[in-house]
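# Per-entry structural report
Residues per chain are reported as follows:
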Amino acid sequence: MAFAFIALWLIANAASLCAASKGKAPDSVQVPRLDLEGGRQLLFERAFSSQLEVEGKKKFWSRVIDVIAGEAEHHSMLSPYGVVTDSHGRVLVSDPGASGIHIFDFAQQKYKFASRDKEDGGMLRPQCIAVDASDNIYATDSESGKIFVFDSSGKFNRVIGSSKHGEGYFKRPTGIAVDSQGKHIFVTDTLRNQVFVLDMDGTVLRKIGKNGKGDGEFNFPTELRINGDELIVVDAMNFRIQVLDLAGNFKYSIGNIGDGIGGIFRPKGVAIDSEGHLYIVDGMSGMVQVFDRTGQLLYYFGKKGTALGEFQLPAGIFIDREDRVYVVDSYNRRVQVFHYLAHRNIEGARQ
């Protein structure tokens, strides 16, 4: 009887299923493009927000099962914050609203959600995220005061910074960066106004900085990024980016307070492209501003809004080895991807 029912249902709904498999041609959209000095370009590539966008269109029989048994639940971004890519090109997005990490593998059309049950002293509000040379995943949890570590498959591995009673060692861990070659983990403790340097087991080796406005001093430091032998720190309430060496010695800083173009008011994420330019996300203005190492503004993109190329409360940013720029568009619940075509890439394309 069951087979007969399914056969009758398929006959009755064959037309709609076939139409769905072909899909509807997407409406044309205007996407941002910036033509920059020296033939450089910044191109919009895509935006994504959920598990459905990585797994591709379902096959015919999968849709049949969904109609009969009900469609399975899928994960979507709720309040994404940090972003990074690993050596396989997977995109990892921390999501405090979902208490976990979205792992998007577009090449393999696979998705995984990494988390740790709250009942087991688990992850509450993951903030920033980093990977090491083996693609292990490190996420700061600003609420529990801990760092959660997952292996490359997204399986929970261990916790760093948990006391014997289960309490977190850090007051508010935010930024995190892993120096796999030097075997160090760098973590900002925003409420302590310091950068903690740990070994790979999580033992605190030393602390960098103190509260203040001077060189190497911080006022609510947040995001971190390692670029070669440099440690880049978002010094949020000093409205600047500080660049240190990996020993913690001050090198230089960029940025001045201001809520207009060229000013820094609510700095969030920071990233570096292949030409050494610094990309700074400003959460208040909804812009990404790009500076050279002298602090000169080169260009900017974005504004407040919901269209492609626009942001609402943008947060994390990451630039991969191909100069793809991933911006977490937090309030719009998505990640937007741009491609910076540097001078070297333009020249290579012409040859």
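Here, the structure is the one placed above.
The text that follows walks through the structure, step by step, so that each part is easy to find. Every value quoted in this text rests on a predicted model; they were computed, and no experiment measured them.

The next subject is the overall build of the protein. Helix and strand content of the protein: 4 helices and 25 strands. A total of 351 residues make up the protein; the buried ones form 48% of that total. Sequence separation of at least 24 residues holds for 44% of the intrachain contacts in the protein that already meet a minimum separation of 6. Put simply, the protein shows about 17300 Å² of open surface, and 50% of that area lies on carbon and sulfur atoms.

The final tally for this structure, using the stated rule, is 11 salt bridges. Across the pair Glu230 and Lys251 runs a salt bridge, and its minimum N-O distance is 3.2 Å. One end of the pair, Glu230, is in strand β16 (residues 230–235); the other, Lys251, is in strand β18 (residues 250–254), with 21 residues separating them in the sequence. Glu230 gets classed as buried once you look at its relative accessible area, which sits at 7%. By relative accessible area, which is 38% here, Lys251 ends up partly exposed. One salt bridge connects Asp235 with Arg240, and the closest N-O pair in it is separated by 2.8 Å. We classify Arg240 as buried; its relative accessible area is 9%. Taken together, the shared-partner salt bridges in this structure form one network comprising Glu230, Lys251 and Arg293.

The strands making up a sheet associate through hydrogen bonds between their backbones, and the pairing can be parallel or antiparallel. Pairing is antiparallel across the open sheet formed by 4 strands, whose spatial order is β7-β8-β9-β10. At either end of the open sheet lies a strand with only one pairing partner, and these are β7 (126–131) and β10 (156–160). On average, each strand axis in the sheet is tilted by 20° relative to the strand beside it, whichever way the strands run. Where strand β9 (residues 146–150) lies against β10, 4 bridges are found, and the strand directions are antiparallel. Bridged to Phe148 within β10 is Val159.

Our next topic: the packing of aromatic side chains. Per the counting criterion, the structure on display carries 18 aromatic pairs. Note on Phe48 and Phe104: the rings are 4.9 Å apart at their centroids and 65° apart in plane angle, and the pair reads as edge-to-face. Of this pair, Phe48 sits in strand β2 (residues 41–48) while Phe104 is found in strand β5 (residues 100–105), placing the two residues 56 residues apart along the sequence. Taking the relative accessible area as the measure of exposure, Phe104 reaches 1% and is therefore buried. Here the aromatic rings of Phe239 and Phe265 are separated by 6.2 Å at their centres, their planes lie at 10°, and the arrangement is stacked. Taken together, the positions of Phe239 in the loop between β16 and β17 (240–245) and Phe265 in the loop between β18 and β19 (267–272) put the pair 26 residues apart, joining distant regions of the chain. The exposure class of Phe265 is partly exposed, given its relative accessible area of 24%. Through successive ring pairs, a cluster of aromatic residues spans Phe44, Tyr279, Tyr299, Phe301, Phe311, Phe338 and Tyr340. Over the face of the ring belonging to Phe156 we find Arg116, whose NZ or CZ atom lies 4.0 Å from the ring centre. Sitting above the plane of the Tyr169 ring, Arg192 keeps its charged end 5.3 Å from the centroid.

What counts as what
- Residues numbered from 1 in each chain as written.
- Predicted model: local features only at pLDDT ≥ 70, side-chain atom pairs only at ≥ 80, totals over all residues.
- Heavy atoms only, no water.
- Helix = DSSP H or I, 4+ residues; strand = E, 2+ residues; numbered from the N terminus.
- Buried < 20%, exposed > 50% of the residue type's maximum accessible area, 1.4 Å probe, protein only.
- Contact = heavy atoms within 4.5 Å.
- Areas by Shrake-Rupley, 256 points an atom, 1.4 Å probe, with all protein chains shown as cover.
- Salt bridge = Lys/Arg side-chain N within 4 Å of Asp/Glu carboxyl O.
- Pairing = 2+ DSSP bridges.
- Axes fitted to C-alpha atoms, helices over the stretch in contact; angles between N-to-C directions.
- Phe/Tyr/Trp six-rings, centres within 6.5 Å; stacked < 30°, edge-to-face > 60°.
- Lys NZ or Arg CZ within 6 Å of the ring centre and 35° of its normal.

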